[in-house]
Amino acid sequence: MKKTLLACVAALSVGAAWAEYPDKPVTIVVPFAAGGPTDKVARDLAEALRKPLNATIVIENVGGAGGTLGATKVSKAAPDGYTLLLHHIGMSTSPALYRNLQYKTLDDFEYLGLINEVPMTLISRPSLPAANYADLVKWLNANKGKINLANAGLGSASHLCGLLYMSTIKIDMTTVPYKGTGPAMTDLIGGQVDIMCDQTTNTTTQIDGGKVKAFAVSTPKRLGGSLAKLPTLDESGMKGFNVTIWHGMYAPKGTPKAVLEKINTALKAALKDAEFHKREEALGAVIVTDNRVNPAEHKKFVESEINKWTPVIKAAGQYAD
């Protein structure tokens, strides 16, 4: 009887402790350097998350190894809700890109919800002789073995989109990796490389300024604004082609359910914040409003992305380690 009573008291004490969560600052680990797109999303989200979570939120940048160092740190952190991870599509591509990954994407994290998606655009050097996507396809077929496809580095958004594009159209190209989008875009504008597939956050200004040619977007639906006239690759004959750079939030495996529910509830509130919407729109990002804001659907989505990207990366034989 005495043991049962003590167990009940202990359980109530633990429950009360989690009921008080959070009672100290919450750290969001960004697995990339400060100032980049993922860091910007994290800092904007932190502003929107503070009030509904009722906590001070600290951003910690742990860059390196394509985001895997920061993800590894969170996977091994105390499962108490005070160390979270905000990561992009790399959560689904790292298992194939890194053959000695120090964590298991689907097993070592609690999934909290998807945040946003950033569309991709297929662009080319301004001197490439094609006026529309149909012309581009003709040019690609006529120049097999001579085409240079730029990207911002192994594992980058442009690298992944380029791999999937090549795999889908079944035309091999010489991939040219750069140390970032900036130098890749400079050489594309200058005509040193032929085409690139990259995020609207990096390409819209160049497209609007006429510095590059744009042929299509990577989403199933057309975009708005200045890119509204661009067709989708899906409607251009590549049925099912869909690439976005998405961001999601994670906690270490074993974080108490009550804490996870509090974070998810706060996250859903943050995703409805008007100022957060305004800031994301300025980045060319679309806030997720479907079921993927729920943990179970978020995890299903990441698993489907792993299944999509793994064969593409393995077929290319391009690894980041």
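Here, the structure is the one placed above.
We now turn to the structure provided with this report. Since the structure is predicted, the reported quantities are computational estimates derived from the model, not experimental observations.

A closer look at the overall build of the protein chain
Turning to step 1, where the next piece is worked out: Scanning the protein chain for helices and strands turns up 11 helices and 10 strands.
Turning to step 2, where the next piece is worked out: With the C-alpha coordinates aligned to their principal axes, the bounding extent of the protein chain is approximately 85 × 40 × 30 Å.
Turning to step 3, where the next piece is worked out: Buried positions account for 50% of the 321 residues belonging to the protein chain.
Turning to step 4, where the next piece is worked out: Here the analysis covers contacts within the protein chain between residues at least 6 apart in sequence; of these, 78% occur between residues at least 24 apart.
Turning to step 5, where the next piece is worked out: Between the averaged position of the 35 positive side-chain charges in the protein chain and that of its 29 negative side-chain charges there is a distance of 2 Å.

Description of the pairing of strand β7 (residues 195-199)
Turning to step 1, where the next piece is worked out: A large share of β7 lies buried, amounting to five of its five residues.
Turning to step 2, where the next piece is worked out: In terms of strand pairing, strand β4 (residues 109-124) meets β7 through five bridges, oriented antiparallel. Within β7, the position partnered with Met120 by the bridge is Gln199.

Looking at the layout of surface pockets
Turning to step 1, where the next piece is worked out: What the largest pocket holds in volume is close to 510 Å³.
Turning to step 2, where the next piece is worked out: If you go around the largest pocket, you meet 27 residues; those closest to its centre are Phe32, His88, Ser156, Ala157 and Gln199.
Turning to step 3, where the next piece is worked out: At the level of secondary structure, the elements contributing two or more residues to the lining of the largest pocket comprise α2 (37-53), α4 (90-97), α6 (157-169), β7 and β9 (244-252).
Turning to step 4, where the next piece is worked out: With four residues, α4 is the largest single contributor of residues to the lining of the largest pocket.

Comments concerning the environment of Leu223
Turning to step 1, where the next piece is worked out: Turning to its location among the elements, Leu223 is positioned in the loop between β8 (213-217) and β9.
Turning to step 2, where the next piece is worked out: Looking at Leu223, the relative accessible area reads 18%, which means it is buried.
Turning to step 3, where the next piece is worked out: Separated by 74 residues in the primary sequence, Leu223 and Leu149 place their C-alpha atoms 24 Å from one another.
Turning to step 4, where the next piece is worked out: Contacts of Leu223, omitting those with residues within four sequence positions, involve Pro119, Thr200, Val217 and Ala228.

Concerning the environment of Phe109
Turning to step 1, where the next piece is worked out: Structurally, Phe109 is set in strand β4.
Turning to step 2, where the next piece is worked out: Beyond its immediate sequence surroundings of up to four residues, Phe109 is in contact with Ala71, Val74, Ser75, Leu85, Met91, Tyr103, Lys104, Tyr250, Ala251, Pro252 and Lys253.

With respect to α2
Turning to step 1, where the next piece is worked out: With 17 residues, α2 extends 23 Å between its outermost C-alpha atoms, agreeing within 8% with the 24 Å of an ideal straight helix rising 1.5 Å per residue.
Turning to step 2, where the next piece is worked out: Restricting attention to buried positions, one finds in α2 the residues Thr38, Asp39, Val41, Ala42, Asp44, Leu45, Ala46, Ala48, Leu49 and Leu53.
Turning to step 3, where the next piece is worked out: Just downstream of α2 lies Asn54, where phi reads positive at about 60°.

Things to note about the packing of aromatic side chains
Turning to step 1, where the next piece is worked out: Taken as a whole and judged by the stated rule, the model has six aromatic pairs.
Turning to step 2, where the next piece is worked out: For the pair Tyr111 and Tyr250, a centre-to-centre distance of 5.0 Å together with 80° between the ring planes defines the contact as edge-to-face. Here the residue Tyr111 occupies a position in strand β4, and Tyr250 occupies one in strand β9, the gap between them amounting to 139 residues. With respect to class, Tyr111 is no different from Tyr250; both count as buried.
Turning to step 3, where the next piece is worked out: Here Trp246 and Phe301 contribute two aromatic rings whose centre-to-centre distance is 5.2 Å and whose plane-to-plane angle is 70°, an arrangement assigned as edge-to-face. Highlighted residues: Trp246 in strand β9 and Phe301 in helix α11 (residues 295-316), separated in sequence by 55 residues. The pair formed by Trp246 and Phe301 is uniform in burial state, with each residue classed as buried.

Notes on the pattern of salt bridges
Turning to step 1, where the next piece is worked out: Tallying each qualifying case throughout the model produces 14 salt bridges.
Turning to step 2, where the next piece is worked out: In this structure, Asp39 and Arg43 form a salt bridge, with 2.9 Å as the shortest nitrogen-oxygen distance. Placement of both Asp39 and Arg43 in helix α2 is noted, with a separation of four residues, approximately one turn of the helix.
Turning to step 3, where the next piece is worked out: Judged by relative accessible area, which is 4%, Asp39 ranks as buried.
Turning to step 4, where the next piece is worked out: Here Arg43 falls in the partly exposed class, since its relative accessible area comes to 35%.
Turning to step 5, where the next piece is worked out: A salt bridge links Asp321 to Arg99; the shortest N-O distance between them is 2.9 Å. Here Asp321 is found in the segment after α11, whereas its partner Arg99 is found in the loop between α4 and β4, with 222 residues between them in sequence.
Turning to step 6, where the next piece is worked out: Asp321 sits in the partly exposed class, given a relative accessible area of 43%.
Turning to step 7, where the next piece is worked out: Arg99 gets classed as exposed once you look at its relative accessible area, which sits at 53%.
Turning to step 8, where the next piece is worked out: Where salt bridges share partners, they join Lys40, Asp44, Glu275, Lys278 and Arg279 into one cluster.

Concerning the packing of α4 against α11
Turning to step 1, where the next piece is worked out: Contact pair α4 / α11: the axes reach a minimum separation of 8 Å and the direction vectors enclose 40°. On the basis of their axis angle, the class for α4 and α11 is oblique. Where α4 crosses over α11, the handedness of that crossing is right-handed. Along its contact with α4, which presents Ser92, Thr93, Pro95, Ala96 and Leu97, the element α11 presents Val302, Glu305, Ile306, Trp309, Thr310 and Ile313.
Turning to step 2, where the next piece is worked out: Split into classes, the residues belonging to the contact of α4 with α11 amount to seven nonpolar, three polar and one charged.

About the thresholds
- Residues numbered from 1 in each chain as written.
- Predicted model: local features only at pLDDT ≥ 70, side-chain atom pairs only at ≥ 80, totals over all residues.
- Heavy atoms only, no water.
- Helix = DSSP H or I, 4+ residues; strand = E, 2+ residues; numbered from the N terminus.
- Buried < 20%, exposed > 50% of the residue type's maximum accessible area, 1.4 Å probe, protein only.
- Contact = heavy atoms within 4.5 Å.
- Lys, Arg positive; Asp, Glu negative; His and termini not counted.
- Charge placed at Lys NZ, Arg CZ, Asp CG, Glu CD.
- Pairing = 2+ DSSP bridges.
- 1 Å grid on protein atoms, 1.4 Å probe; cavity = no way out; pocket = protein on both sides within 12 Å on 5 of 7 lines; lining within 4 Å.
- Points joined across faces, edges and corners; volume = space filled by probe spheres on them.
- Expected span 1.5 Å × (residues − 1).
- Phe/Tyr/Trp six-rings, centres within 6.5 Å; stacked < 30°, edge-to-face > 60°.
- Salt bridge = Lys/Arg side-chain N within 4 Å of Asp/Glu carboxyl O.
- Axes fitted to C-alpha atoms, helices over the stretch in contact; angles between N-to-C directions.
- Parallel < 35°, antiparallel > 145°, perpendicular 65-115°, else oblique.
- Left-handed = near helix turned anticlockwise from the far one by under 90°.
- Nonpolar A, V, L, I, M, F, W, Y, C, P; charged D, E, K, R; others polar.

So yeah, pure geometry; function would need other evidence.
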